[in-house]
Amino acid sequence: MKTLAIILLFSAFAFTGKAQTASKKSTADQEITKQIVNIACGECQFKMKGKSCDLAIRIDGKSYFVDGKNIDDFGDAHGKHGFCNAVSKAEVSGKIVNNRFKASNIRLLSK
């Protein structure tokens, strides 16, 4: 009887752990296609923690560092209207993986 109770107890823990792991995987990757977002320096404008000025986007109030494009690919980041001094709008496509935006396309929109 004790053995049966112990097996049932361990089985319950195993199913609980498995259910939590599955939910994390289902929300890990999110595809973004031609979405309008805010784009700027993550550290300077979005107050993200980092080591230097890095390109970031903000989608639905959540900020993500960008992989695949550099902050200076769009001009001087520290210029008057650069990403360290202003937030701009962009149309982006890519994928959110591990809380980072993997950019396949970024097109700045005129103001």
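Given the structure is predicted, the values throughout are model-derived calculations rather than measurements. (Residues numbered from 1 in each chain as written. Predicted model: local features only at pLDDT ≥ 70, side-chain atom pairs only at ≥ 80, totals over all residues. Heavy atoms only, no water.)

With the rule as written, the count across this model stands at one aromatic pair. Geometrically, the ring pair formed by Phe74 and Phe83 is edge-to-face, given 5.8 Å between the ring centres and 70 degrees between the ring planes. (Phe/Tyr/Trp six-rings, centres within 6.5 Å; stacked < 30°, edge-to-face > 60°.)

Turning next to the nonpolar core. In this structure, Ile57, Val92, Phe101 and Ile106 are the most contacted members of the largest nonpolar core, which totals 19 residues. If you list the elements that add at least two residues to this core, you get strand 1 (30–41), strand 2 (55–59), strand 3 (62–67), strand 4 (88–97) and strand 5 (100–108). The dominant element in this core, judged by the number of residues it contributes, is strand 1, at four residues. (Core = buried A, V, L, I, M, F, W, Y, C linked by side-chain atoms within 4.5 Å. Buried < 20%, exposed > 50% of the residue type's maximum accessible area, 1.4 Å probe, protein only. Helix = DSSP H or I, 4+ residues; strand = E, 2+ residues; numbered from the N terminus.)

The next thing to look at is the environment of Ile36. Mapping Ile36 onto the fold places it in strand 1. C-alpha separation for the pair Ile36 and Lys89, spaced 53 residues apart in sequence, amounts to 6.7 Å. Once residues lying within four places of it in the same chain are set aside, the contact partners of Ile36 are Lys89, Ala90, Glu91 and Leu109. (Contact = heavy atoms within 4.5 Å.)

The next point concerns the sheet that holds strand 1. The sheet built from five strands closes into a barrel, its strands ordered 1-2-3-5-4 with mixed pairing. Looking at each pair of strands side by side, their axes are set apart by 50 degrees on average, direction ignored. Two elements, strand 3 and strand 5, share three bridges in a ladder whose sense is parallel. The partner of Phe65 across the bridge, within strand 5, is Arg100. (Pairing = 2+ DSSP bridges. Axes fitted to C-alpha atoms, helices over the stretch in contact; angles between N-to-C directions.)

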